[in-house]
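Breakdown of the fold
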Amino acid sequence: MAAARSSSSLLPALLQLLLAALICLFSIPAAAAEGARATAVIVFGDSTVDAGNNNFWPTTAKGNFPPYGRDFPGGRATGRFSNGRVSPDFYPAALGLGRDFVPAYLDPSYSIQDFATSVNFASAGSGMDDTTSIALVSPITTRLQPLAVITFFFVQAAQLFYGAVFVPNMCVYIYPQNVITLSKQLDLFRQYKSRLAQQLGADEAEKVLNGAVYVISIGSNDFAANYFAMTSPGRHVEYPTVQLYTAYLVGLAQRFIADIHALGARKIGFEELFPLGCLPAERAALLGLCNEVPNAAARGFNDAMRAMVQGLNLPGADVRVAELYGFMDALLHNPTQYGFERADLACCGTAGLGCIPYGPACPDAGKYVYWDNAHTTDRAHGAIAAYLFNNTFGAFASA
């Protein structure tokens, strides 16, 4: 037993060394990856990877105002819920595809030619469960009722003045309606395939789709904004235990993987859920401690996803669960070992209101793991991307 504990204690140190080495990978010129056979990076998901699709969708779940994007090239708010990039933005350069980020599919400033090497369909606020995307929680159902009421009216006022607001946080459970559901993201992918065939020809388009690396990051909202929030669709009533709801979500994930496989996807990485109970908003409500209930739900979902993926039988497909939970758990509990100073507080906003339009933010986001109460900083996204590239997505390049 003592030997096992000693081995376990070495894990954070080993992860730190691995991270330092991987960060160097992303400084390698794209030409170094000329032998890679990945043709594109294609992304589906929620706000953890949204590149700005919600900017062009009738929803209030937008990150298109300062201080979002202040460290993105050009210092502009792109719709990413970050001070800069999100993790998939790091993959095209690492794969030698000649791009510095993955553009949002609905952004009219990009053409189908741009999307031939990288495209992002993700939408903040979405989930595998389509009812998550239309969930709206009344302030009186939240754990901090007075603050929730204040936040609710602030959100409405901000919407009037700025035309966009931040989805507050998991401590004050108020979420927008009408984001791009995962089923709608699938519809947009079908449209993309058709446009790509018109641009490149059917055979070349199929080669792009078959050789692309697919990144899927979704599921946190299903638990945070739907099941645990006890929202109006009533999933907590329909599925009275977390295990039953988890099984339902895994079934939806399996169907989605099969659907994109039928459309040409072969190299598919589904990211694990991270420690949901260690978000700054959750920790603020528990005097800095993590909430074990959503953490346990995330681990249970991840275990069920691995079991499901092992049983898949999709011809020619390489489907992997990108193991993120353990890395994030180590990072959040030992941030200084990874070069960060704070993992319990967000750089932007407060525990009550989150990151608000033109609101306050720390001077150096690179010292923080979290940019706002639910989303990581550009630097943390880079660390996540480096870890996942080494363990999952980079392997697709030579597959």
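Thresholds, definitions, all that
Residues numbered from 1 in each chain as written. Predicted model: local features only at pLDDT ≥ 70, side-chain atom pairs only at ≥ 80, totals over all residues. Heavy atoms only, no water. Pairing = 2+ DSSP bridges. Helix = DSSP H or I, 4+ residues; strand = E, 2+ residues; numbered from the N terminus. Axes fitted to C-alpha atoms, helices over the stretch in contact; angles between N-to-C directions. Buried < 20%, exposed > 50% of the residue type's maximum accessible area, 1.4 Å probe, protein only. Polar contact = N/O pair within 3.5 Å; in protein donor to acceptor, adjacent residues only side chain to side chain. Contact = heavy atoms within 4.5 Å. Phe/Tyr/Trp six-rings, centres within 6.5 Å; stacked < 30°, edge-to-face > 60°. Lys NZ or Arg CZ within 6 Å of the ring centre and 35° of its normal. Disulfide = S-S within 2.5 Å. Core = buried A, V, L, I, M, F, W, Y, C linked by side-chain atoms within 4.5 Å. Expected span 1.5 Å × (residues − 1). Arc of directions from axis to C-beta. pLDDT = per-residue confidence, 0-100.

- Identification of the chain as GDSL esterase/lipase from Eragrostis curvula is taken from an unreviewed UniProt entry.

1. Some points on the sheet that holds strand 3 (residues 213-217)
- Ordered in space as 2-1-3-4-5, the 5 strands form an open sheet in which the pairing is parallel. Two strands lie at the open edges of the sheet, namely strand 2 (118-120) and strand 5 (318-322), each paired on one side alone. The mean angle between the axes of side-by-side strands here comes to 15°, regardless of whether they run parallel or antiparallel.
- In this structure, strand 1 (residues 41-45) lies alongside strand 2, joined through 3 bridges in parallel fashion. Across the sheet, Ile42 pairs through a bridge with Val119, a residue of strand 2.

2. Examining the side chain of Ser220
- Tracing the sequence through the fold places Ser220 in helix 8 (residues 220-227).
- Ser220 gets classed as buried once you look at its relative accessible area, which sits at 8%.
- In this structure the side chain of Ser220 is engaged in a polar contact, spanning 3.5 Å, whose partner is the side chain of Asp46.
- Sequence-distant contacts of Ser220, that is, excluding residues within four places in its chain, are made with Asp46, Leu273, Phe274 and Leu276.

3. Brief notes about the packing of aromatic side chains
- Throughout the structure, instances matching the rule amount to 30 aromatic pairs.
- In textbook terms, an aromatic cluster arises when at least three aromatic residues are bridged by ring pairs, as seen for Phe44, Phe72, Phe101, Tyr105, Tyr110, Phe115, Phe121, Phe189, Tyr192, Tyr214 and Phe256.
- Its guanidinium or amino end placed over the ring of Phe101, Arg99 lies 5.8 Å from that ring's centre, counting from NZ or CZ.
- For Arg379, the ring lying beneath its charged end belongs to Phe340, and the centroid distance is 4.3 Å.

4. Overview of the pairing of strand 1
- In terms of burial, strand 1 is a largely internal element, 5 of the 5 residues being buried.
- Alternating residues of strand 1 divide into Val41, Val43 and Gly45 and Ile42 and Phe44, and every residue in both groups is buried.
- The pairing of strand 1 with strand 3 spans 5 bridges and is classified as parallel. Within strand 3, the position partnered with Phe44 by the bridge is Ile216.

5. With respect to the state of the cysteines
- Applying the stated rule across the entire model yields 3 disulfides.
- Note on cysteine connectivity: Cys278 is disulfide-linked to Cys290, with sulfurs 2.1 Å apart. What sets the handedness of the Cys278 and Cys290 disulfide is the S-S torsion sign, and at about 120° it is right-handed. Of this pair, Cys278 sits in the loop between strand 4 (267-271) and helix 11 (280-285) while Cys290 sits in the loop between helix 11 and helix 12 (292-310); the two residues are 12 residues apart in sequence, bridging distant segments of the chain.
- Given the relative accessible area of 0%, Cys278 is considered buried.
- Since its relative accessible area comes to 25%, Cys290 is described here as partly exposed.
- Two residues share a disulfide in this structure: Cys347 and Cys362, whose sulfurs sit 2.0 Å from each other. Looking down the S-S bond of the Cys347 and Cys362 bridge, the torsion is -100°, so its handedness is left-handed. Highlighted residues: Cys347 in the loop between strand 6 (342-346) and strand 7 (368-370) and Cys362 in the loop between strand 6 and strand 7, separated in sequence by 15 residues.
- When its relative accessible area of 6% is taken as the criterion, Cys347 is described as buried.

6. A short note on unusual backbone geometry
- The omega torsion across Pro66 and Pro67 is 10°, close enough to zero to call that bond cis.
- Structurally, the position occupied by Pro67 is in the loop between strand 1 and helix 3 (91-94).
- Phi at Leu287 takes a positive value of approximately 55°, unusual for a residue other than glycine.
- Judged by relative accessible area, Leu287 falls into the exposed class, the value being 83%.
- The phi dihedral of Tyr358 falls on the positive side, at around 60°, and the residue is not glycine.

7. Considerations on the nonpolar core
- Ranked by size, the top nonpolar core spans 93 residues in total, and within it Ile42, Phe44, Phe189, Tyr192, Tyr214 and Ile260 carry the most contacts.
- With 8 residues, the top contributor of residues to this core is helix 10 (residues 242-262).
- Apart from residues no more than four positions distant in its own chain, Phe44 is found in contact with Val49, Phe121, Ala122, Leu182, Gln185, Phe189, Tyr214, Val215, Ile216, Ser217, Phe256 and Ile260.
- In this structure, Phe81, Cys347, Cys355 and Ala365 belong to the second largest nonpolar core, which totals 11 residues.

8. Quick word on helix 6 (residues 182-200)
- Taking 1.5 Å of rise per residue, 19 residues should cover 27 Å, and helix 6 covers 26 Å from first to last C-alpha, within 8% of that figure.
- Those residues of helix 6 that fall on the buried side of the exposure criterion are Leu182, Gln185, Leu186, Leu188, Phe189, Tyr192 and Leu196. Down the axis of helix 6, the buried set is contained in an arc of 160°. They therefore lie on one face.
- One or two positions beyond helix 6, positive phi appears at Gly201, with a value near 95°.

9. Quick look at the confidence of the model for the chain
- On average, residues of the chain score 84 in pLDDT, and 79% of them are at 70 or above.
- Across residues 1-36 the pLDDT falls below 50, and counting only partners more than four positions away or on other chains, this stretch makes 32 contacts in the model.
- In this model, residues 137-176 is a region of pLDDT below 50 whose contacts with residues beyond four sequence positions or in other chains number 101 contacts.

10. Quick look at the environment of Val41
- If you trace the backbone, Val41 turns up in strand 1.
- If sequence neighbours within four positions are ignored, Val41 has contacts with Tyr91, Pro92, Leu95, Leu97, Val102, Thr117, Ser118, Val119, Val213 and Val215.

11. Quick look at helix 12
- Given a rise of 1.5 Å per residue, 19 residues ought to cover 27 Å, and the 27 Å separating the end C-alpha atoms of helix 12 matches this to within 8%.
- All of the buried residues along helix 12 are Pro294, Asn295, Ala297, Ala298, Phe301, Asn302, Met305, Met308 and Val309. Angular distribution of buried residues about the axis of helix 12 spans 160°; they occupy a single face of the element. Structural note: helix 12 exposes Val293, Ala307 and Gln310 on the side pointing more than 90 degrees away from its buried face.

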